[in-house]
There are 2 protein chains.
Amino acid sequence: MSRTKKRTGGVTMDHVAREAGVSLMTVSRVMNNVPGVKASTRDSVMRAVKALGYSPNAAARSLARNGAGRIGLLYSNPSAGYLSQFLVGALDGAQTSGALLVIEKCDPSLESEAAAIGRLIAGGVAGVILPAPHAESERAIAALRDAGVVAIAVGTGHARADAHGVRMDDFAAAAEMTRHLIELGHRRIGFIEGAVNQTASVERLKGFETEIRRADPPADCLVEPGGFNYRSGFEAAERLLSDDNPPTAIFASNDDMAAGALAAAHRRGLDVPGDLSVAGFDDTPLATAVWPELTTVRQPVARMAEAALRLALQESRDQSRRDSRAPIDQLLPHQLVVRASTGPVPHNS
Amino acid sequence: MSRTKKRTGGVTMDHVAREAGVSLMTVSRVMNNVPGVKASTRDSVMRAVKALGYSPNAAARSLARNGAGRIGLLYSNPSAGYLSQFLVGALDGAQTSGALLVIEKCDPSLESEAAAIGRLIAGGVAGVILPAPHAESERAIAALRDAGVVAIAVGTGHARADAHGVRMDDFAAAAEMTRHLIELGHRRIGFIEGAVNQTASVERLKGFETEIRRADPPADCLVEPGGFNYRSGFEAAERLLSDDNPPTAIFASNDDMAAGALAAAHRRGLDVPGDLSVAGFDDTPLATAVWPELTTVRQPVARMAEAALRLALQESRDQSRRDSRAPIDQLLPHQLVVRASTGPVPHNS
DNA sequence: GAAAATGATGTTAGCGCTATTAAAAAGTCC
DNA sequence: GGACTTTTTAATAGCGCTAACATCATTTTC
């Protein structure tokens, strides 16, 4: 093991090419899904790849592509669980598609954001992924466009006109959750809003209200502002539960706030879901870390990040050819996850 | 902006070399801190680097080093906040030291771990970083050693004989926190253990017990098992608080369990810290996401990850030269963070 | 004061992959 | 059926950087 010449993992394209009896370049074409390779040739290459356990060297790829494939990722401080999922997804995507991820942290302040964007641009990225709060920043997107860098907004409430986007259908997901609550018999439902400056919050509220209006027999609702963090959820739930006619269910627009609502309920001696149902949104790790485990909506964060990375890569490559100016809007499927925090409406209410 | 030939960030070593009036190789030497460069030459190179805003291309580096610098990171499912901090730290380190991070996920099961290790080795990594639970896995470390891959254990309770390690002083940190509680007047303190198969848990308990024994006037304690997650913290706190003579303070061996303890306290209508003090460990984002914010110990997770990456890089390079067999044990400083969840012992108890 | 022993820098040859260009094979046409 | 396209494959030249070796100044040594 000590005298091995190259400790790189061994198999290279060359090996694959020899094994498959084709040229190195043909293997490259197959690996990159470039059209113009006979199906039979492609097959034999794929077989060789599998046989040898070949996996492309990201560094070499990035280098050969002349730095294209350097993608930036700006993050500040979304809920902890969100970030880790997002990073994992992006990293995974980077690995499989041979991109080089450059992550850059910033504070929520505008100056800090601008500085981070500047560093990213100076670092020579071809595209930048903007999750959660930054996806709403006109300034950031404008700066990126001015520098000729592709911007991908992730997790906004609706498609942007000035940037490509990857997102989920917040409206439909919130509506589904609301329907779930209504089907359980709840007719007075509290809703905790997310941060108002994020369009996703607005869509979630709209989805909720639309479904409330559609309920039969009719239902009504109480809406409290929140800020996407535990504490604001706790406080909003306190207000909701101290109402003269408190709701029998609370739907928080993210899991952190739902956890806060859970704490508020417990503090009042309420059993969840016996006395009060609580629903969250996002399905972050927190959802299963609390007790009872949260009914929530699974936002495919990791897949969204991966999709964003691919999109950034593809668009940055395309852009250098021609200016295709129609922003792409990629919508990923969500899923209602029913766990232990929601149940039938209590009898005596 | 559209006709730019290379969108790589522009400046390369060649530019720097020309600017400084030296050869490309000299620049490389300066950038890698290789000895044998005259101080004046080094200076002028550094000046050119700054003037041009040069930053080395990680991909090219990794490639030229023949794959050395490919570092794996195995993760399963530590507390969410921990992972994101860890990833960020590792990513950061990778960027600055020009390593290529390959992350690999696995389930807690042993087979899954073995499979992931296998993939990592097949991927040709030169070193693997093993955070939290995997750092204790004899099997994983043995597999890595057999493949001639450097293993770095992160966050174990004490130094390992079979792998390099980066960790904090769990014993001392737990002792400090216990002292903090004792100084606030608490004389009956509950402790919630972490997962028993992790040596860090054991050290934290030892630190706690040592300090309890040292208290003057004497203090006593109640120890409950836990599993490093919210739910186990909640349940352990329930048991602690239903004791005939309940503790006035609870020290949980991580923040997730402390959050659970908080919920249990609230459920019983106890005020924190008025009636009960609660302390956590790790200072994950959860610590400030709950209310009241947790007094905890800051574990420098990001820095540990970064240190682990550097160590992996350095050792994997050294190992190929000679077999230096003394495992390195790097200890990083922690910090007691006093927030709102701990206070003086209540008068009437 | 010439040979050997040290520095300090420059040269050369890739790392593994992708563009680009050239060549060959396979169709197409009149 | 041979000149002319159109596929498909092969060959060549780097991407930016570093290891290993070569080269040129300096010293040092006897």
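Residue indices follow the written sequence of each chain, beginning from 1 at its first position. For naming, the first written chain is A and the first written ligand is 1, with later ones following in the order written. Only residues with pLDDT of at least 70 are given local features in this predicted model, and only at 80 or more are side-chain atom pairs given and counted; all residues enter the totals for whole chains, interfaces and linings. Based on all heavy atoms of the structure, the side-chain values leave hydrogens and waters out of the count.

Colleague: What am I meant to see in the nonpolar core here?
Modeller: If you look at soluble globular proteins, the nonpolar side chains tend to sit buried side by side. Within the largest apolar cluster, 60 residues are counted, with the highest numbers of intra-cluster contacts made by A:Leu101, A:Ile129 and B:Leu101. The contact definition used throughout considers only heavy atoms, calling two residues in contact when any of these lie within 4.5 Å. For A:Leu101, the contacting residues outside a window of four places in its chain are A:Ile71, A:Leu73, A:Ala90, A:Leu91, A:Ala94 and A:Leu309. We call a set of buried residues a nonpolar core when its members are Ala, Val, Leu, Ile, Met, Phe, Trp, Tyr or Cys and they connect through side-chain atoms within 4.5 Å of each other. Burial classification: accessible surface area is computed with a 1.4 Å probe over protein chains only, and a residue below 20% of its type maximum counts as buried, one above 50% as exposed, and the rest as partly exposed.

Colleague: Please clarify how the pattern of salt bridges should be interpreted in this entry.
Modeller: Any two side chains of opposite charge can pair, so long as their charged atoms come close to each other. Should a side-chain nitrogen of Lys or Arg be within 4 Å of a carboxyl oxygen of Asp or Glu, the pair is scored as a salt bridge. Tallied over the entire structure, the rule returns 36 salt bridges over all chains. Note that B:Glu211 and B:Arg179 form a salt bridge whose closest N and O atoms lie 2.9 Å from each other. Of the two residues, B:Glu211 sits in helix α9 (residues 199–214) while B:Arg179 sits in helix α8 (residues 170–183), which places them 32 residues apart along the sequence. B:Asp282 is paired through a salt bridge with B:Arg204; the nearest N and O atoms lie 3.5 Å apart. Taken together, the residues B:Asp282 in the loop between β9 (277–279) and α12 (286–289) and B:Arg204 in helix α9 connect sequence positions 78 residues apart. The pair B:Asp282 / B:Arg204 is uniform in exposure class, with both members buried. Salt bridges sharing partners connect three or more residues here, namely A:Glu138, A:Arg160 and A:Asp162. Secondary structure elements follow DSSP: runs of H or I no shorter than four residues count as helices, runs of E no shorter than two count as strands, and numbering proceeds from the N terminus.

Colleague: How should I be thinking about unusual backbone geometry in this particular structure?
Modeller: Note on backbone geometry: most residues besides glycine have negative phi, and most peptide bonds are trans. With an omega of 0°, the peptide bond between A:Asp216 and A:Pro217 qualifies as cis. Along the polypeptide, A:Pro217 turns up in the loop between α9 (199–214) and β7 (220–224). Note that the residue after B:Trp291, namely B:Pro292, is joined by a cis bond; omega there is 0°. Following the sequence through the fold, B:Pro292 ends up in the loop between α12 and β10 (296–298). Of note, A:Asp282 is a non-glycine position whose phi angle comes to about 115°, a positive value. In the Ramachandran plot, B:Asn33 falls in the positive-phi region, its phi being about 55° despite a non-glycine side chain. For B:Asn33, the position within the fold is in the loop between α2 (24–31) and α3 (39–52). The class for B:Asn33 is exposed, based on a relative accessible area of 60%.

Colleague: For this particular structure, what's the right way to read the relation of the copies chain B and chain A?
Modeller: To go from the first copy of the chain to the second, apply a rotation about an axis and then a shift along the same axis. C-alpha atoms of residues with pLDDT of at least 70 in both copies form the basis for the least-squares superposition of the copies. Between the two copies, chain B and chain A, the superposition gives an RMSD of 0.4 Å; the rotation angle is 180° and the shift along the axis is 0.1 Å. With respect to symmetry, the two chain copies, as superposed, fit the operation of a two-fold axis. A share of 98% of the interface residues of chain B reappears at the interface of chain A, consistent with the copies meeting face to face through the same patch.

Colleague: What am I meant to see in the protein's contact with DNA strand C here?
Modeller: Residues in contact with DNA strand C amount to 27 residues; listed here are only the nearest, A:Met13, A:Tyr54, B:Ser23, B:Arg29 and B:Thr41. One heavy atom within 4 Å of a molecule or strand makes the whole residue count as near it. When the atoms of DNA strand C within 4 Å of the protein are grouped by moiety, sugar and phosphate amount to 64% of the total. Under this definition, polar contacts are N or O atom pairs within 3.5 Å; protein pairs additionally need one hydrogen-donor-capable and one acceptor-capable atom, and for neighbouring residues in sequence, both atoms have to be side-chain atoms. A distance of 3.2 Å is found between a base nitrogen of DNA strand C and a backbone nitrogen or oxygen belonging to A:Ala60. In this structure, A:Arg61 approaches DNA strand C through a side-chain N or O atom, which is 2.9 Å from a phosphate oxygen.

Colleague: So what exactly am I meant to see when it comes to the domain arrangement of chain A here?
Modeller: Interface extent is often summarised as the accessible area lost during association of the parts. Just so you know, the domain bounds were taken from an automatic or database domain assignment. By domain assignment, chain A separates into domain 1 (1–54), domain 2 (65–154 + 301–332) and domain 3 (170–299). Each of domain 1 of chain A and domain 3 of chain A has a C-alpha centre, and the two are 52 Å apart.

Colleague: Just checking my understanding: could you explain the sheet that holds strand β9 (residues 277–279) of chain A for this structure?
Modeller: Strand-to-strand pairing in sheets goes through backbone hydrogen bonds, with the strands running parallel or antiparallel. Residues and elements named next belong to chain A. DSSP-based pairing: two strands are paired if at least 2 bridges between them are found. The sheet built from four strands is open, its strands ordered β7-β6-β8-β9 with parallel pairing. If you trace the sheet from one side to the other, it starts and ends with β7 and β9, each paired once. Between one strand and the next, the sheet's axes are offset by a mean angle of 20°, whatever the strand orientation. Pairing of strand β6 (residues 188–192) with β7, which is carried by five bridges, proceeds in the parallel orientation. Looking across to β7, one finds that Ile192 is bridged to Glu224. Comment: axis = line fitted to C-alpha atoms, over the contacting stretch for helices; angle = value between 0 and 180 degrees taken between N-to-C directions.

Colleague: Is there a simple way to think about the protein's contact with DNA strand D in this case?
Modeller: Within the structure, DNA strand D sits among 28 residues, and A:Ser23, A:Thr41, B:Met13, B:Ser28 and B:Tyr54 are positioned closest to it. Between DNA strand D and the protein, one listed contact pairs a phosphate oxygen with a backbone N or O atom of B:Met13 at 2.6 Å. Within the side chain of B:Arg61, one N or O atom sits 2.9 Å away from a phosphate oxygen of DNA strand D. Every element with two or more residues in the surface near DNA strand D is listed here: α2 (24–31) and α4 (58–64) of chain A together with α2 and α4 (58–64) of chain B. Top element by residues in the surface near DNA strand D is α4(B). It accounts for four residues. Residues that form the surface near DNA strand D fall into these classes: 13 nonpolar, 10 polar and five charged. Under the convention adopted here, Pro, Cys and the residues Ala, Val, Leu, Ile, Met, Phe, Trp and Tyr are nonpolar, Asp, Glu, Lys and Arg are charged, and Gly plus all remaining residues are polar.

Colleague: Would you mind going over the sheet that holds strand β5 (residues 164–168) of chain B with me for this structure?
Modeller: Residue and element names in this part refer to chain B. Strand order in the open sheet formed by six strands is β2-β1-β3-β4-β5-β11, and the pairing between neighbours is parallel. Of all strands in the sheet, those with a lone pairing partner are β2 (100–105) and β11 (329–332), marking the two edges. This sheet shows a mean twist of 20° between the axes of neighbouring strands, independent of strand direction. Pairing of strand β3 (residues 127–130) with strand β4 (residues 150–154), which is carried by four bridges, proceeds in the parallel orientation.

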